[in-house]
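Remarks on the overall topology
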Amino acid sequence: MKLTSRRARAIVVAIAAGSLALTGCSENKGSSSNKDSKKDQKEASAQSKAVVYADAAASTGPAAEVPGAKPGGTITAYQEAGLSHLDPGQIYVSDAGQVANLLFRGLTNFSEDGKGNVSVVGDLATDAGKPSDGGKTWTYTLKDGVKDQNGNEITSADIRHSVERTYAKFIFDGPTYLQTWLSGADYRKTLPDGGFGKKHLPDTVLETPDEKTVVFHFDKARPDLPQTLAMPGYAVVPEKTDTKEKYDKAPVATGPYKISEYKIGKALKLVKNENWDPKTDSVRHQYVDGWDFQFGVTESTQTKRLISDQGEAKSAIQFTGSVDSTQIQDVISNPAVNKRTIKGYQPYVMQLTFNLDRVKNKAVRDAVAYAVNSKSLIAGEGGAYGGDVAPNLFAPTLPGYDATYDPYGRLKAPQGNIAKAQELLKSVPAAEKKLVYAYSNSEAGQKRKVAIEDALTKVGFDVVSKEVDAASYYEQIGKLANPYDIYITGWGQDWPSAGTVITPIYDGDQVADGGSNYSHIKDPKVQELINKALTQEPTAAAKTWEEAHHYIMEKVNPAAPLWYTKQFQLFGSNIGGARYSTESSYIDVTRLFLKS
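Everything in this summary refers to the structure shown in the same document. (Residues numbered from 1 in each chain as written. Predicted model: local features only at pLDDT ≥ 70, side-chain atom pairs only at ≥ 80, totals over all residues. Heavy atoms only, no water.)

A separate point is the overall build of the chain. For the chain, the count of helices and strands is 17 helices and 22 strands. Taken over the C-alpha trace, the chain has a radius of gyration of 23 Å; the compact-globule value for 596 residues is 25 Å, and the two agree within 12%. Along the first, second and third principal axes, the C-alpha set of the chain runs to 70 × 55 × 40 Å. By element, 51% of the accessible surface of the chain is carried by carbon and sulfur atoms, the whole surface being about 21,300 Å². Charge-centre separation for the chain: the mean point of 70 positive side chains lies 3 Å from the mean point of 71 negative side chains. (Helix = DSSP H or I, 4+ residues; strand = E, 2+ residues; numbered from the N terminus. Rg over C-alpha atoms; globule rule 2.2 N^0.38 Å. Areas by Shrake-Rupley, 256 points an atom, 1.4 Å probe, with all protein chains shown as cover. Lys, Arg positive; Asp, Glu negative; His and termini not counted. Charge placed at Lys NZ, Arg CZ, Asp CG, Glu CD.)

What follows is the structure, given as structure tokens:
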């Protein structure tokens, strides 16, 4: 969720060897790339090049011009589901993350060169950050002249406020890295009112000695902080205009665009933010006059419109949607249409997650893991263009990915091992064979529903499917008291470290309403391994994360791996500057323009 042709600029290597960057968080759609899966996976690993932390020169705007770019016009963005959130602190899903890069700015941001090279640059800050005290202390200096849409200059008080408000109870859907690093797992108890009262985080934790300086103090080295602060969930929320819960509907922009109209679930219109200064921004452009988001447009309709390339569709894009699986051949067989696509491997692992509060019998979970039909599910995503069979819970974009680790035989039997599943179910009481399955009411969700019902019914399960609104899907399954036994989730690393996979979704301390531990796993051994890895240098930590991965899959089984996602998006003939973003795993929205 988290990047433009760049001028050559000086850089500094990241403080931690092997510190990497891609995209992260929950995946909110079906996806679709090339037919050669082995080649795709090789290219996927190439996406995980070591990131660099940029200096002031690389963080100084304006961003390098996109060849051929012209100003003017409005881009239409087709999207099936509405946005669950627009409050930065609540953003942890990929579609809202894309919008966030048009609207909001944080202390840092990701920048990329189109060749798989990613760097962290200063966004509101003058650089990616200055570490000291062995990486326990990080200092940021704010750029001059950065204002919000109302013309108010951003100060260190706004940064402090943006951090502290994430401690408030109404912020429940966003990332929690920074809060827990600063104040521990029970961070909300440290500042229950989120800094809206008289109490604030002490200077020993978060220091703002003057209007331009922000200093983070941690109890241990945090070499990944620049990447963490680049997440949309840590973008600035100006203190003067924070409306708490209401902010989700009318946030204040600091990026190149601001909201002119927002009808939740129906439409979103963006216009130029006159107070955005390109001289302060080394990543974004403001070529078009505005953006017109149309929600409720199914992927099949998006694809038909963009193939036809008529009227508004000439200046339209699929925002986070993909080419409809039934129309892929229509796209790839027509050279004129196929050249209007972007393709790439995504970092998401789609999995069938168990609610461990309800599905307590491991034999049931194992039977499901053997029964699910990855082949059928992938067919619904577009076949080889939509994804590859996932044998485990780590994606090919993750450093150290082991393609041979396959505890449930997914590679040998991608259509499911019916005999093994039936054998496991022999001693299971009939009542435990009834499973309530939550699915998204999108086109992709409907296809997945059919595949899941078919596979599980075949081996003896009684599946009761319950429809969930696509826009609030992750919010609904993220409730601890949700009434569902199983649901499909997709997770991608927040940056390529196994710690950004295991910690957010398998850490027992993350079991909370709105948390991303969707299975509610609380296992002492997993906790022990997480705590161990977090204190190790990257090479040793990688081995501990691998041990945790194996233990989670074999001894607990909180989720059955289904498929690795690919992206295959279509855009209109009047769209210029289109390319695949390694960092966001979608079309790069920071550089688009209209040709005429």
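Looking now at helix H3 (residues 156-164). Most of H3 is tucked away, with eight of its nine residues classed as buried. For H3, the full list of buried residues reads Ser-156, Asp-158, Ile-159, Arg-160, His-161, Ser-162, Val-163 and Glu-164. On the buried face of H3, the contacting elements are helix H4 (177-183), strand S9 (206-210) and strand S10 (213-217). (Buried < 20%, exposed > 50% of the residue type's maximum accessible area, 1.4 Å probe, protein only. Contact = heavy atoms within 4.5 Å.)

Within the open sheet, the four strands sit side by side as S7-S8-S10-S9. Their pairing is antiparallel. Each end of this open sheet is capped by a strand with a single partner; those strands are strand S7 (130-132) and S9. Going across the sheet, the axis of each strand differs from the next one's by a mean of 20°, ignoring polarity. Across three bridges, S9 lies against S10 in antiparallel orientation. Directly across from Leu-206, in S10, lies its bridge partner Phe-216. Strands S9 and S10 of the sheet are contacted by H3, whose axis makes an angle of about 165° with S9. (Pairing = 2+ DSSP bridges. Axes fitted to C-alpha atoms, helices over the stretch in contact; angles between N-to-C directions.)

Below, the discussion takes up the pattern of salt bridges. Throughout the structure, instances matching the rule amount to 27 salt bridges. A salt bridge links Asp-87 to Arg-165; the nearest nitrogen and oxygen atoms lie 2.8 Å apart. Taken together, the positions of Asp-87 in the loop between strand S4 (74-79) and helix H2 (94-103) and Arg-165 in the loop between H3 and H4 put the pair 78 residues apart, joining distant regions of the chain. The buried category is assigned to Asp-87, whose relative accessible area is 1%. Here Asp-203 and Arg-160 are joined by a salt bridge, their closest N and O atoms 3.4 Å apart. In this pair, Asp-203 is assigned in the loop between helix H5 (187-190) and S9 and Arg-160 in helix H3, connecting sequence segments 43 residues apart. Relative accessible area serves as the criterion here: at 48%, Asp-203 is assigned to the partly exposed category. Within the structure, one salt-bridge network assembled from shared partners comprises Arg-105, Asp-123, Asp-281 and Arg-284. (Salt bridge = Lys/Arg side-chain N within 4 Å of Asp/Glu carboxyl O.)

Another aspect to go through is the packing of helix H16 (residues 524-533) against helix H17 (residues 538-556). Packing of H16 against H17 brings their axes to within 9 Å, and their N-to-C directions diverge by 165°. Our classification of the angle between H16 and H17 gives roughly antiparallel. Considering the relative orientation of H16 and H17, their crossing is left-handed. Contacts between H16 and H17 involve Lys-525, Val-526, Leu-529, Ile-530, Lys-532 and Ala-533 on the former and, on the latter, Ala-541, Thr-544, Trp-545, Glu-547, Ala-548, Tyr-551 and Ile-552. In terms of residue class, the contact of H16 with H17 is made up of nine nonpolar, one polar and three charged. (Parallel < 35°, antiparallel > 145°, perpendicular 65-115°, else oblique. Left-handed = near helix turned anticlockwise from the far one by under 90°. Nonpolar A, V, L, I, M, F, W, Y, C, P; charged D, E, K, R; others polar.)

Attention shifts here to the sheet that holds strand S13 (residues 290-295). A sheet is described by the order of its strands in space; here five strands give the open sequence S11-S12-S13-S4-S14, paired in mixed fashion. The outermost strands of the open sheet, each flanked by one partner alone, are strand S11 (257-263) and strand S14 (316-318). For this sheet the average axis-to-axis angle between neighbouring strands, irrespective of direction, equals 20°. Two elements, S11 and strand S12 (residues 267-272), share six bridges in a ladder whose sense is antiparallel. Bridge pairing in S12 links Lys-263 to Ala-267. In this fold helix H7 (residues 299-308) packs onto S4, S13 and S14, with an angle of close to 140° to the strand it touches most, S14.

Axes are the key here: two packed helices are described by the angle between their axes and the distance separating the axes. Two elements in contact, helix H15 (residues 499-506) and H17, have axes separated by 10 Å at closest approach and are oriented at 45°. By the criterion of interaxial angle, the relationship of H15 to H17 is oblique. The way H15 lies across H17 gives a crossing that is left-handed. Taken together, the residues of H17 that come into contact with H15 (itself represented by Gly-499, Ile-502, Thr-503 and Tyr-506) are Trp-545, Ala-548, His-549 and Ile-552.

Let us now look at the pairing of strand S17 (residues 434-440). When you tally the buried positions in S17, you get six out of seven residues, the bulk of the element. Note that S17 and strand S18 (residues 462-468) share seven bridges and pair parallel. Within S18, the residue paired with Ala-438 across the bridge is Lys-466. For the crossover from S17 across helix H13 (residues 443-458) to S18, the handedness is right-handed. Strand direction decides the pairing type here: S17 and strand S19 (residues 486-492), joined by two bridges, are parallel. (Right-handed = clockwise from strand over helix to strand, strands pointing away.)

On to the side chain of Thr-228. Turning to its location among the elements, Thr-228 is positioned in helix H6 (residues 225-229). Classification of Thr-228 by relative accessible area gives buried; the value is 0%. Once residues lying within four places of it in the same chain are set aside, the contact partners of Thr-228 are Tyr-177, Leu-178, Trp-181, Tyr-234 and Trp-495.

Below, the discussion takes up the environment of Leu-270. With respect to the helices and strands, Leu-270 occurs in strand S12. Sequence separation between Leu-270 and Tyr-551 is 281 residues, and the spatial gap between their C-alpha atoms is 47 Å. Every residue in contact with Leu-270, bar those within four places of it in the chain, is listed here: Leu-102, Leu-103, Tyr-257, Lys-258, Ile-259, Ser-260, Asp-289, Gly-290, Trp-291 and Phe-293.

This next bit is on unusual backbone geometry. Residues other than glycine predominantly adopt negative phi, and peptide bonds predominantly adopt the trans conformation. The omega torsion of the bond from Gly-61 to Pro-62 falls at 0°, within 30 degrees of zero and hence cis. With respect to the helices and strands, the residue Pro-62 is situated in the loop between strand S3 (52-54) and S4. At Asn-557, a position not held by glycine, the phi torsion is positive, near 60°. By the element assignment, Asn-557 lies in the loop between H17 and strand S20 (559-570). The class for Asn-557 is buried, based on a relative accessible area of 0%.

What characterises a pair of aromatic rings is the spacing of the ring centres plus the angle enclosed by the ring planes. Enumeration over the complete set of coordinates arrives at 18 aromatic pairs. Aromatic side chains Tyr-92 and Trp-491 sit 5.4 Å apart centroid to centroid with 75° between the ring planes, which places their arrangement in the edge-to-face category. You can see Tyr-92 sitting in the loop between S4 and H2 and its partner Trp-491 sitting in strand S19, a full 399 residues away along the chain. Pairwise contacts between aromatic rings join Tyr-140, Tyr-177, Trp-181, Phe-216 and Phe-218 into one cluster. The residue whose ring lies beneath Arg-165 is Tyr-247, and the NZ or CZ to ring-centre distance is 5.4 Å. (Phe/Tyr/Trp six-rings, centres within 6.5 Å; stacked < 30°, edge-to-face > 60°. Lys NZ or Arg CZ within 6 Å of the ring centre and 35° of its normal.)

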